[in-house]
Amino acid sequence: MNQFINKNLYGDYGDKEQAAGSSGTHNTAGEWPLWEVFIRSKAGLDHKHAGSLHAADAQMAIENARDVYTRRMEGISIWVVESKYIHASDPFEAASMYEPANDKVYRHPTFYDLPDELKHM
Amino acid sequence: MTVHSFQEHFDAKIDNEVMIEPRDWMPDDYRKTLIRQISQHAHSEIVGMLPEGNWITRAPSLRRKAVLLAKVQDEGGHGLYLYSAAETLGITRDEMYDQLHTGKAKYSSIFNYPSLTWADMGAIGWLVDGAAIMNQVPLCRTSYGPYARAMVRVCKEESFHQRQGFEIMMTLANGTDVQKKMAQDALNRWWWPSIMMFGPSDADSPHTAQSMRWRIKRFTNDELRQKFIDVTVEQAKLIGLTVPDPDLKWNEERGHYDFGPINWDEFWNVVKGNGPCNKERLEARKKAWENGAWVRDAAMAHAEKRKARKENKEVKAA
């Protein structure tokens, strides 16, 4: 089956070593490492993935992220993490991975049929 | 799953407007087409900094200089968003640079025209960015997630580019006779290349049908070109400039402007590398890349040294 899957390894560099050979054509030796950038747009909100960039180290990644992703007051806090440390779930397992949630509608408040007269619940 | 079912699953997603994400299965040609289109787009942003960079030091006021600097900085950022999107498809940044520098990859032909006067800064913002926006807005809904997200960011930033360009043209058009002449001259030189930016007409664009099927493209070249002409002709009227096309005429029946024949020989000539500035642009890019090599190496060496120093300190502290 593997031969049919032209699997892209972006976002899960741990896979790259395991799948040795499948991505052997790319030489990234001369490049600065790739970083993922997460931005908190204002106090009280989560950091959200904004994009990625290349930088020599974390400090430079944060400075560059400031220059490219917050030129218009988009953020008040930046996280950067080297892309190779991100592990992702496998889209080919998505069906079985998320299936258990499908048949548990009783986890939602709308599942319960209660009288209209009932207030404040 | 078999190849057949992967393909079916992919087709169903496309049909239902479900976005394709980097780790999803996709046909090889879809991946290749995207890499070509996105990297070409990224290269255009980067090379596009050159004609405008030419005028930063000669901007007529501090306000104009600050604006132009901000715009050129944006273009660099747009290049980065797009390169990053292409990288999610499995090509490296260095490979893309290499394709640009060896001439294997193309960039928008418009940037192979020279920027001769200050009015060209107005015409580029108004027409070139205007045409780019026309092209890019539908791409915010393109089927590949990282590309669409990059385009949302680009479009948000791009609209000031067009407005500042139009403002320059408007100011010149309301100025002295010489200034007005300068504005008209810029419009005369940039109009047709801007029209050509939408690419060959649909009949000569063999990839269009497949790209539309994949929802990589949402409108054809001719549809976008017509839309651009319709809105831009009205804008030119507003500031008293004349679009350099004697055949331009409102067609009541079609509800569109009819326009004169496009010089496709010129277009293909510039694509093939024989435009006024092809050589100059590519050389400027290569020079910047090669002369910057020591900076990249130094930054990496510095980062490693800093890391080593930090580790050393931690060991001592322990």
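A. Main features of the overall build of chain B. The secondary structure content of chain B amounts to 13 helices and two strands. Residue burial in chain B is summarised as follows: out of 318 residues, 52% are buried. Considering only intrachain contacts with a sequence separation of at least 6, the fraction spanning at least 24 residues in chain B is 76%. Accessible surface, chain B: about 15,600 Å² in total, of which carbon and sulfur atoms supply 56%.

B. Looking closely at the overall build of chain A. Helix and strand counts for chain A come out as three helices and three strands. Helices and strands in chain A line up, N terminus first, as α-β-β-α-β-α. Within chain A, buried positions represent 28% of all 121 residues. Put simply, of all contacts in chain A between residues at least 6 apart along the chain, 47% involve residues at least 24 apart. Of the roughly 8,600 Å² that chain A leaves accessible, carbon and sulfur atoms contribute 55%.

C. Main features of the packing of helix 4 (residues 62–87) of chain B against helix 7 (residues 145–173) of chain B. Residue and element names in this part refer to chain B. Where helix 4 meets helix 7, the closest approach of the two axes is 10 Å, and the angle between their N-to-C directions is 160°. With respect to helix 7, the axis of helix 4 lies roughly antiparallel. By crossing handedness, the relation of helix 4 to helix 7 is classed as left-handed. Across the contact of helix 4 with helix 7, the residue classes break down as twelve nonpolar, four polar and nine charged.

D. Representation of the packing of helix 4 of chain B against helix 5 (residues 93–101) of chain B within the structure. All names here are of chain B. Axis separation between helix 4 and helix 5 bottoms out at 9 Å; the angle between their running directions is 115°. Considering their axes alone, helix 4 and helix 5 lie roughly perpendicular with respect to each other. Classified by chirality, the crossing of helix 5 by helix 4 is right-handed. Taking contact as the criterion, the partners of Leu80, Tyr83, Ser84, Ala86 and Glu87 in helix 4 are, on helix 5, Arg93, Met96, Tyr97 and Leu100. When the residues that make up the contact of helix 4 with helix 5 are grouped by side-chain class, the tally is six nonpolar, one polar and two charged.

E. Quick look at the environment of Ile168(B). Looking at the secondary structure, you find Ile168(B) in helix 7. In this structure, Ile168(B) is in contact with Arg64(B), Trp118(B), Met121(B) and Gly122(B), ignoring residues within four places of it in sequence.

F. Inspection of the sheet that holds strand 3 (residues 77–82) of chain A at higher detail. Residues and elements named next belong to chain A. Sheet architecture is open: three strands sit in the order 2-1-3, paired in antiparallel fashion. Both edges of this open sheet fall to strand 2 (47–54) and strand 3, since each of them pairs with a single strand only. In this sheet, neighbouring strand axes are inclined to one another by 25° on average, regardless of whether the strands run parallel or antiparallel.

G. Spotlight on the pairing of strand 1 (residues 34–40) of chain A. Residue and element names in this part refer to chain A. For strand 1, the buried fraction is high: six of the seven residues fall into the buried class. In the sheet, strand 1 pairs with strand 2 via seven bridges, with the strands oriented antiparallel. Bridged to Phe38 within strand 2 is His49. The hairpin formed by strand 1 and strand 2 contains six residues between the paired strands, and Gly44 there has a positive phi angle of roughly 100°. Pairing between strand 1 and strand 3: six bridges, direction antiparallel. Following the sheet pairing, Trp35 is matched in strand 3 by Glu82.

H. Just the nonpolar core, in detail. One finds Leu53(A), Tyr69(A), Tyr30(B) and Trp191(B) to be the most contacted residues of the largest nonpolar core, which totals 96 residues. Of all the elements, helix 7 of chain B adds the most residues to this core, at ten residues.

I. Just a nonpolar patch on the surface, in detail. Residue and element names in this part refer to chain A. A cluster of nonpolar residues, Val105, Tyr106, Phe111, Tyr112, Leu114, Leu118 and Met121, forms a patch on the protein surface that exposes about 760 Å² of accessible area. Counting through the fold element by element, Tyr106 comes out in the segment after helix 3 (94–98). Its relative accessible area of 42% is what places Tyr106 among the partly exposed residues.

J. Expanded view of the confidence of the model for chain A. Averaged over all residues, the pLDDT of chain A equals 80, while 76% of them reach at least 70. Within chain A, strand 3 of chain A carries the highest mean pLDDT (97), whereas helix 1 (residues 13–18) of chain A carries the lowest (39).

K. Looking closely at the pattern of salt bridges. Tallied over the full model, the rule gives 26 salt bridges over all chains. As a salt-bridge pair, Lys104(A) and Asp103(A) come within 3.2 Å of each other at their nearest N and O atoms. A salt bridge links Arg213(B) to Asp15(B); the nearest nitrogen and oxygen atoms lie 3.1 Å apart. Of this pair, Arg213(B) sits in helix 9 (residues 208–213) while Asp15(B) is found in helix 1 (residues 3–15), placing the two residues 198 residues apart along the sequence. What you see here is one network of salt bridges that share partners, running through Arg71(A), Arg72(A), Asp74(B) and Glu157(B).

L. Spatial organisation of the packing of aromatic side chains. Enumeration over the complete set of coordinates arrives at 18 aromatic pairs over all chains. Judged by centre distance (5.0 Å) and plane angle (85°), the ring pair of Phe111(A) and Tyr112(A) falls under edge-to-face. We classify Tyr112(A) as partly exposed; its relative accessible area is 45%. If you follow Lys227(B) out to its NZ or CZ, it ends over the ring of Phe219(B), 5.6 Å from the centre. Lying across the ring of Trp289(B), Arg296(B) places its NZ or CZ 3.4 Å from the centre.

M. A look at the state of the cysteines. As enumerated under the stated definition, the model contains zero disulfides over all chains in all. Left without a disulfide partner, Cys140(B) is nearest to the cysteine sulfur of Cys155(B), which lies 3.6 Å away.

N. The arrangement of the environment of Met26(B) in detail. Residue and element names in this part refer to chain B. Among the secondary structure elements, Met26 is positioned in the loop between helix 1 and helix 2 (28–47). Residue class for Met26 comes out buried when judged on its relative accessible area of 1%. Taking the C-alpha atoms as reference points, Met26 and Gln37, eleven residues apart in sequence, are found 16 Å from one another.

O. The side chain of Gln226(B), seen in detail. Within the secondary structure, Gln226(B) sits in helix 10 (residues 221–238). Other than its neighbours up to four places away in sequence, Gln226(B) contacts Arg254(B), His256(B), Tyr257(B) and Phe259(B).

The rules behind each value
- Residues numbered from 1 in each chain as written.
- Chains lettered and ligands numbered in written order.
- Predicted model: local features only at pLDDT ≥ 70, side-chain atom pairs only at ≥ 80, totals over all residues.
- Heavy atoms only, no water.
- Helix = DSSP H or I, 4+ residues; strand = E, 2+ residues; numbered from the N terminus.
- Buried < 20%, exposed > 50% of the residue type's maximum accessible area, 1.4 Å probe, protein only.
- Contact = heavy atoms within 4.5 Å.
- Areas by Shrake-Rupley, 256 points an atom, 1.4 Å probe, with all protein chains shown as cover.
- Axes fitted to C-alpha atoms, helices over the stretch in contact; angles between N-to-C directions.
- Parallel < 35°, antiparallel > 145°, perpendicular 65-115°, else oblique.
- Left-handed = near helix turned anticlockwise from the far one by under 90°.
- Nonpolar A, V, L, I, M, F, W, Y, C, P; charged D, E, K, R; others polar.
- Pairing = 2+ DSSP bridges.
- Core = buried A, V, L, I, M, F, W, Y, C linked by side-chain atoms within 4.5 Å.
- Patch = residues over 30% accessible without salt bridge, like charges linked within 9 Å, V, L, I, M, F, W, Y side chains within 5 Å.
- Salt bridge = Lys/Arg side-chain N within 4 Å of Asp/Glu carboxyl O.
- pLDDT = per-residue confidence, 0-100.
- Phe/Tyr/Trp six-rings, centres within 6.5 Å; stacked < 30°, edge-to-face > 60°.
- Lys NZ or Arg CZ within 6 Å of the ring centre and 35° of its normal.
- Disulfide = S-S within 2.5 Å.

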